[in-house]
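Summary of the model geometry
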Amino acid sequence: DTAVSQTPKYLVTQMGNDKSIKCEQNLGHDTMYWYKQDSKKFLKIMFSYNNKELIINETVPNRFSPKSPDKAHLNLHINSLELGDSAVYFCASSQDLGGVRAAFFGQGTRLTVV
Amino acid sequence: EDQVTQSPEALRLQEGESSSLNCSYTVSGLRGLFWYRQDPGKGPEFLFTLYSAGEEKEKERLKATLTKKESFLHITAPKPEDSATYLCAVQAFGTGANSKLTFGKGITLSVRP
């Protein structure tokens, strides 16, 4: 019954590797997001997709490539991982309610690059 | 650029000791202000949306209020299970899905029994 689910929950990998994080939402929302939470707990948006179309790309290195096969799924692929990519990545989704979009978050993926 | 500042960074309360968490914001035009609760190792959990100055929302021991420059999350007679990080976010006017949430750094609340 999880509304926004992402896998894996933990990911430990070496520098230079390529990895993917998957996200699925069953809320019927039309927009999905990737947020990054750094070690100071600051949440910052990376990307958003609306009905499979990229809407927001917040000056994220092009090693990060989101892909949305359908409006219920948004995956994040990261190439050539660097130490600084270590963080918690959250997937979220929202629906337009009179122009207001409250985001609903997944449980996060803790990425550790060693 | 939209900005959200939350204070204090951390707050320790005794069980039953009421207090308020502050969220100050600057935004070109406020579409909505959101409060979230985040427990360690989990994703932010949606609490409230506030739309305009003067609005109030309540849920159990929490009450959120909004002015033109800030929002307060009042916690009445907190219990240890209210311990969490409370995040404030704003959504500015934009074109539909272009409207993103800008978050503050959060306030870590600890309630001692």
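Heads up: the structure comes first, above all this text.
This is a predicted model, so every value here is computed, not measured.

Turning our attention to the overall build of chain B. Looking only at helices and strands, one finds 0 helices and 11 strands in chain B. Scaling as 2.2 N^0.38, a compact globule of 113 residues should have a C-alpha radius of gyration of about 13 Å, and chain B matches this with 14 Å. The principal-axis extents of the C-alpha atoms in chain B amount to approximately 45 × 30 × 20 Å. Counting every position in chain B, which comprises 113 residues, the buried fraction comes to 50%. For chain B, the proportion of contacts with a sequence separation of at least 24, taken over those separated by at least 6, is 55%. As presented, chain B carries roughly 5,500 Å² of accessible surface, and 48% of it is formed by carbon and sulfur atoms. Of the charged side chains in chain B, 14 are positive and 14 negative; the average position of the first set lies 2 Å away from that of the second.

Moving on, we get to the sheet that holds strand S8 (residues 70–75) of chain B. Residue and element names in this part refer to chain B. Taken in spatial order, the 5 strands of this open sheet run S1-S3-S8-S7-S6, and their pairing is antiparallel. Strands with a single pairing partner mark the edges of an open sheet, and in this sheet they are strand S1 (3–7) and strand S6 (56–59). The mean angle between the axes of side-by-side strands here comes to 15°, regardless of whether they run parallel or antiparallel. Pairing of strand S3 (residues 19–26) with S8 involves 6 bridges; the strand directions are antiparallel. Each residue of the ladder has a partner; that of Ser24, found in S8, is Glu70.

In this structure, the largest pocket occupies an estimated 360 Å³ of space. Lining the largest pocket are 21 residues, and of these Gln37, Lys41, Val88 and Arg110 of chain A together with Gly41 of chain B lie nearest its centre. Listed by contribution, the elements that provide at least two residues to the lining of the largest pocket are strand S9 (87–94) and strand S11 (109–113) of chain A. In terms of residue count, the dominant contributor to the lining of the largest pocket is S9 of chain A (3 residues). When its volume is computed, the second largest pocket comes out at roughly 310 Å³. Contributing to the lining of the second largest pocket are 16 residues, with Phe42 of chain A together with Glu1, Asp2, Thr102 and Phe103 of chain B lying nearest its centre. Put simply, the parts of the chain that give the lining of the second largest pocket at least two residues each are strand S5 (43–50) of chain A together with S1 and strand S10 (101–103) of chain B. For the lining of the second largest pocket, the element with the highest residue contribution is S1 of chain B, accounting for 4 residues. Looking at the lining of the second largest pocket, its residues break down into 6 nonpolar, 4 polar and 6 charged.

On to the sheet that holds strand S8 (residues 73–78) of chain A, then. All names here are of chain A. Pairing is antiparallel across the open sheet formed by 4 strands, whose spatial order is S1-S3-S8-S7. Each end of this open sheet is capped by a strand with a single partner; those strands are strand S1 (4–7) and strand S7 (64–70). Along the sheet, successive strands turn relative to each other by an average axial angle of 20°, direction set aside. Two elements, S1 and strand S3 (residues 19–25), share 4 bridges in a ladder whose sense is antiparallel. From the neighbouring strand, Val4 faces S3, where its bridge partner is Gln25.

Turning to the pairing of S8 of chain B, a few remarks are in order. All names here are of chain B. A one-sided burial pattern is seen for S8, the buried positions being Ser71, Leu73 and Ile75 and the unburied ones Glu70, Phe72 and His74. Where strand S7 (residues 62–66) lies against S8, 5 bridges are found, and the strand directions are antiparallel. Bridge pairing in S8 places Thr65 opposite Phe72. Taken together, S7 and the strand that follows it, S8, pair antiparallel across an intervening segment of 3 residues.

Turning our eyes to something else, we now look at the pattern of salt bridges. Close approach of charged atoms allows side chains with opposite charge to pair. Residues and elements named next belong to chain A. A complete count under the given rule lists 8 salt bridges over all chains for this structure. Where Asp30 meets Arg101, a salt bridge forms, and the shortest distance between an N and an O atom there is 3.1 Å. Note that Asp30 is positioned in the loop between S3 and strand S4 (31–37) and Arg101 in the loop between S9 and strand S10 (104–105), a separation of 71 residues in sequence. Note on Arg101: relative accessible area 3%, which makes it buried.

Let us now look at the interface of chain B and chain A. Accessible area lost on assembly of the parts is the figure often given for the size of an interface. Contact with chain B, which involves 22 residues of that partner, is made by 26 residues of chain A. Summed over both sides, the interface of chain B with chain A buries roughly 1,900 Å², with 60% coming from carbon and sulfur. Between the two partners, chain B and chain A, sit 1 salt bridge. Glu58 of chain A serves as the salt-bridge partner of Lys100 of chain B, at 3.1 Å between the closest nitrogen and oxygen. Put simply, chain B and chain A have 5 residue pairs in polar contact (both at pLDDT 80 or more) between them.

The rules behind each value
- Residues numbered from 1 in each chain as written.
- Chains lettered and ligands numbered in written order.
- Predicted model: local features only at pLDDT ≥ 70, side-chain atom pairs only at ≥ 80, totals over all residues.
- Heavy atoms only, no water.
- Helix = DSSP H or I, 4+ residues; strand = E, 2+ residues; numbered from the N terminus.
- Rg over C-alpha atoms; globule rule 2.2 N^0.38 Å.
- Buried < 20%, exposed > 50% of the residue type's maximum accessible area, 1.4 Å probe, protein only.
- Contact = heavy atoms within 4.5 Å.
- Areas by Shrake-Rupley, 256 points an atom, 1.4 Å probe, with all protein chains shown as cover.
- Lys, Arg positive; Asp, Glu negative; His and termini not counted.
- Charge placed at Lys NZ, Arg CZ, Asp CG, Glu CD.
- Pairing = 2+ DSSP bridges.
- Axes fitted to C-alpha atoms, helices over the stretch in contact; angles between N-to-C directions.
- 1 Å grid on protein atoms, 1.4 Å probe; cavity = no way out; pocket = protein on both sides within 12 Å on 5 of 7 lines; lining within 4 Å.
- Points joined across faces, edges and corners; volume = space filled by probe spheres on them.
- Nonpolar A, V, L, I, M, F, W, Y, C, P; charged D, E, K, R; others polar.
- Salt bridge = Lys/Arg side-chain N within 4 Å of Asp/Glu carboxyl O.
- Buried area = accessible area lost by both parts, 1.4 Å probe.
- Polar contact = N/O pair within 3.5 Å; in protein donor to acceptor, adjacent residues only side chain to side chain.

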